[in-house]
Amino acid sequence: MSNIAPIALPWHRREDTWAIFIALGLVLAVTTGFFLGASPFVGATALTIPTWSGSLAKVAATFAAQPAGPIALFAVFLLAFSAASAVIGWDVGKYAAGFALLFVFSIVVTVLGSNQTLKQWQLETPLLALAVGMLLGNSVTLPGWFQSALRTEFYVKVGIILLGATLPFTIILQAGPLAIAQATIVAVTTFATIYFAATRLFGLDPRFGATLGAGGSICGVSAAIAIGGACRAEKSHVSVAISMVILWAVAMIFVLPLWARNLGLEPGVAGAWIGTSEFADAAGFAAASAVGDERAIKTFTLMKVVGRDMFVGVWALVVALLSVTIWDRKKSGEAERVDVGEIWRRFPKFILGFLAASLVVTFVLASIDAKSGTRFSKEAIAPLKTLRGWAFTWTFLSIGFTTRFRELTRFGWRPFAAFAVGVIVNVPLGYWLSAHVFADYWNGVK
Amino acid sequence: MVSHVTTVSPAGELAEPRVNELAGALQAIGFRVHRKRQHVSFSSETVEAHAAKAYLRGHGFRDPEFQIVLEYSRLWGIM
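Cut-off values and rules
Residues numbered from 1 in each chain as written. Chains lettered and ligands numbered in written order. Predicted model: local features only at pLDDT ≥ 70, side-chain atom pairs only at ≥ 80, totals over all residues. Heavy atoms only, no water. Helix = DSSP H or I, 4+ residues; strand = E, 2+ residues; numbered from the N terminus. Buried < 20%, exposed > 50% of the residue type's maximum accessible area, 1.4 Å probe, protein only. Polar contact = N/O pair within 3.5 Å; in protein donor to acceptor, adjacent residues only side chain to side chain. Patch = residues over 30% accessible without salt bridge, like charges linked within 9 Å, V, L, I, M, F, W, Y side chains within 5 Å. Areas by Shrake-Rupley, 256 points an atom, 1.4 Å probe, with all protein chains shown as cover. Salt bridge = Lys/Arg side-chain N within 4 Å of Asp/Glu carboxyl O. Pairing = 2+ DSSP bridges. Axes fitted to C-alpha atoms, helices over the stretch in contact; angles between N-to-C directions. Contact = heavy atoms within 4.5 Å. Buried area = accessible area lost by both parts, 1.4 Å probe. Nonpolar A, V, L, I, M, F, W, Y, C, P; charged D, E, K, R; others polar. Expected span 1.5 Å × (residues − 1). Arc of directions from axis to C-beta. Phe/Tyr/Trp six-rings, centres within 6.5 Å; stacked < 30°, edge-to-face > 60°. Lys NZ or Arg CZ within 6 Å of the ring centre and 35° of its normal.

1. Overview of the overall build of chain B
Here is step 1: Helix and strand counts for chain B stand at two helices and four strands.
Here is step 2: For chain B, the sequential pattern of α-helices and β-strands runs β-α-β-β-α-β.
Here is step 3: In terms of overall dimensions, chain B has a C-alpha envelope of 45 × 30 × 20 Å along the principal axes.
Here is step 4: Taking all 79 residues of chain B together, the buried fraction comes to 52%.

2. A look at the side chain of Thr402 of chain A
All names here are of chain A.
Here is step 1: Mapped onto the secondary structure, Thr402 falls in helix 19 (residues 370-402).
Here is step 2: Here Thr402 falls in the buried class, since its relative accessible area comes to 11%.
Here is step 3: Within the structure, Thr402 has its side chain in polar contact with the backbone oxygen of Ser398 (distance 2.6 Å).

3. Some details on a nonpolar patch on the surface
Residues and elements named next belong to chain A.
Here is step 1: The grouping of Val314, Val318, Val340 and Ile343 at the surface amounts to a nonpolar patch, some 300 Å² of accessible area in total.
Here is step 2: Positionally, Ile343 belongs in helix 17 (residues 341-346).
Here is step 3: With a relative accessible area of 30%, Ile343 lands in the partly exposed category.

4. A closer look at the sheet that holds strand 3 (residues 39-44) of chain B
Residues and elements named next belong to chain B.
Here is step 1: As summarised here, the arrangement of the four strands in space is 2-3-1-4, forming an open sheet in which the pairing is antiparallel. One side of each edge strand has no neighbouring strand; the edge strands of this open sheet are strand 2 (32-36) and strand 4 (66-74). For this sheet, the mean inter-axis angle between neighbouring strands, taken without regard to orientation, is 25°.
Here is step 2: Where strand 1 (residues 2-10) lies against strand 4, nine bridges are found, and the strand directions are antiparallel. Pairing of Ser9 across the sheet is with Gln67, part of strand 4.
Here is step 3: Sheet strands in contact with helix 2 (residues 49-58) are strand 1 and strand 4, and its direction is about 160° off that of strand 4.

5. Things to note about the environment of Val255 of chain A
Residues and elements named next belong to chain A.
Here is step 1: Secondary-structure assignment places Val255 in helix 12 (residues 235-262).
Here is step 2: Residue classification places Val255 among the partly exposed residues on the basis of a relative accessible area of 27%.
Here is step 3: When the C-alpha atoms of Val255 and Ala287 are compared, they prove to be 8.5 Å apart, with 32 residues separating the residues in sequence.

6. Overview of the interface of chain A and chain B
Here is step 1: Taken together, the contacts link 49 residues of chain A with 34 residues of chain B.
Here is step 2: In this assembly, chain A packs against chain B so that about 3500 Å² is buried in total across both faces, 60% of it on carbon and sulfur atoms.
Here is step 3: Scanning the region where chain A abuts chain B turns up five salt bridges.
Here is step 4: Here Glu153 of chain A and Arg74 of chain B are joined by a salt bridge, their closest N and O atoms 3.5 Å apart.
Here is step 5: Where chain A meets chain B, there are 13 residue pairs in polar contact (both at pLDDT 80 or more).
Here is step 6: Only helix 9 (152-164), helix 11 (206-230), helix 12, helix 14 (281-290), helix 17 and helix 19 of chain A provide two or more residues apiece to the side of chain A that touches chain B.
Here is step 7: Here the side of chain A that touches chain B takes eight residues from helix 12 of chain A, the largest share from any one element.
Here is step 8: Partitioned by chemical class, the residues of the side of chain A that touches chain B number 22 nonpolar, 11 polar and 16 charged.

7. Quick word on helix 1 (residues 16-28) of chain B
What sets the pattern is the α-helix's 3.6 residues per turn: residues three or four places apart point alike.
Residue and element names in this part refer to chain B.
Here is step 1: For helix 1, spanning 13 residues, the distance from its first C-alpha to its last is 18 Å, which sits close to the expected 18 Å at 1.5 Å a residue.
Here is step 2: For helix 1, the complete set of buried residues consists of Arg18, Val19, Leu22, Ala23, Ala25 and Leu26. All buried residues of helix 1 fall inside an arc of 165° around its axis, so they share one side. Helix 1 presents Glu16, Pro17 and Ala28 as exposed residues on the side facing more than 90 degrees away from its buried surface.
Here is step 3: Where helix 1 is buried, its residues touch strand 1, strand 3 and helix 2.
Here is step 4: Looking at the residues trailing helix 1, positive phi occurs at Gly30, about 95°.

8. Things to note about the packing of aromatic side chains
Residue and element names in this part refer to chain A.
Here is step 1: Counted under the stated rule, the structure contains 41 aromatic pairs over all chains.
Here is step 2: Geometrically, the ring pair formed by Phe99 and Trp394 is edge-to-face, given 5.1 Å between the ring centres and 75° between the ring planes. Of this pair, Phe99 sits in helix 5 (residues 92-113) while Trp394 sits in helix 19; the two residues are 295 residues apart in sequence, bridging distant segments of the chain.
Here is step 3: Using a relative accessible area of 0% as the deciding quantity, one classes Phe99 as buried.
Here is step 4: Considering the side-chain rings of Trp259 and Trp273, the 6.2 Å spacing of their centres and the 10° angle between planes classify their relative orientation as stacked. Here Trp273 lies in helix 13 (residues 267-277) and Trp259 lies in helix 12, a separation of 14 residues in the sequence.
Here is step 5: Residue classification places Trp259 among the partly exposed residues on the basis of a relative accessible area of 40%.
Here is step 6: Its relative accessible area of 2% is what places Trp273 among the buried residues.
Here is step 7: Its end group placed over the ring of Trp344, Lys349 keeps NZ or CZ at 4.7 Å from the ring centre.

Just geometry here; none of it tells us what the structure is for.
In C-alpha cells form, the structure reads like this:
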C-alpha cells in the first residue's frame, strides 16, 4: 500500500461512507422489524402513490389512509441525511431546509408521474422530475439553502445500495462474468476510440485524451475524476471532460429509452444496453427507470455497477503507469513510482454497501422457509424498493436542478468531436452486444 | 467543477538531507507538511500536479525520488 498520508477527507467524512451507513442501516432496520413483527410500522414509512386518472380522489384517499406516511418518510430521511451532513461538514440547517423543499417537489412529481395519461405518454416520475428540475434550474435563480440539498451523487449512492437489497447475490454472481465481459469489450473499444480520436485526429494532450476516454467509457464523471487524477491531467481538462459526460448523459436519458421502445427491445435487454452505453450512474438510473420495468433496472445495475464501476481502480492504475512511463517518455527505472494502492484509492467504496445489502437479503431468504420468504419479500423487500424509488426521485430532481446548460458549453470543438466519435462507436456496439450477442442472457434476468 | 489536492511524498530510500531539500523546495511554493509516524508528505490545493512535477524537475529532482498523487473532488452540483 501507499506511504502517502491521508490528506483528503477521512473515511467518516466521506459521502460513500454515509451512503453505506444510511442505506445499509435501512436494510438492517427493515429486516429486524420483520423478525420483531414490526413490519406495519416499517410499511408506514414506505409511502406509495397509486396510479390515478381524472380526479385526485384516489391519491387523497391514500394520504387519508396513511396520514403518517409522508411525515414518517420525511422524518427518517431528514434525520439520516442531517446526521450525515453534520459529520461530513455541510451546513445542517441549510441542508435540512433545502431537503424539506426537495421532498415537497418529490411528492408533487410522484403524484403527477402516477397519472395514467402521463404514464401513457411515457412521462413517468423519473423524466418528469428531470424536466421539472431542468426547467426551474435553468430559468430561476435557486436560493443557496435549497441548492445545498441538491446532492445527486449522495442520493444515487443511497439508491444503488438499497437496490442491492432487491437483487439476489446469486444473480450478481451469475451475471457478473458476463456483465464484466460485455462492459470490458465496450469500455476498451470506447476508451481507445476517444483517446486516439483526441490525440491523433484532434491533436489533444494524451492525459486530456485519457480523461475524456474514461468519462465516455468507464463510469462517467467519477471516471473522469479518478483517471484525471491518476494521470495528472490538468484541472481545466477534467472540467471539460465532465461537461462532455453531463451533456451526453442528459441527452441519453431521453434518447436511449425512446430508441429501446421504438426498437421493441425487451426490458432486460434495454436495461443492459443503457447500462453499457449511458455515461453516468445517476443518468443511467433515470434512463433505466424510464423503461418502466424492474427488469431494466436490474440489468442496468448489473452492467453499470458490477460490469463497469467496479473496475475504475484498475483503469486508474494502468493509466497512471502509462502516464509516468510512455507519456513522460521514461523507462521504468527512471520513472516516478506508482503503487498498486491506486486501485483501492480510486475504487468507488459505495459498491461495497451494494454488495453487502445484496448479501444480507440473500442470506435471510436462504435461512427461512418458502412461506416466510414470500412474506419477507412483501413486508421487507417491497418497502425497501419503495424507499429506493424515493432516493432515485431526489436524484433525478437534483440532476435537473443542477444541470445548467450555459455552464456546460465552455469547451472547444475538438474535445466535443473526440467524445462524439466515441458515442458513435459506443451506442451501436452496446446495442449489438445487448440485443444480439447476449440477448438470451439479459432476457433471462427476472 | 472540481477541486484538487496534490500530494508529494519522498519515494524509495531517499536520504534525510535529500528529503529536507524536497521539503524546502515544496514549502517554498506553498505546500503544507504532513507527518504520520515515519512518513512525511506535502500537499497543496493550489499547485497542480503537472506544475509540481515540472517544478521539482527544474530544481534537480529526478522522477524516482518523489511520488505525486493527485486527487480531484467534484464540486457541488456535479452529477
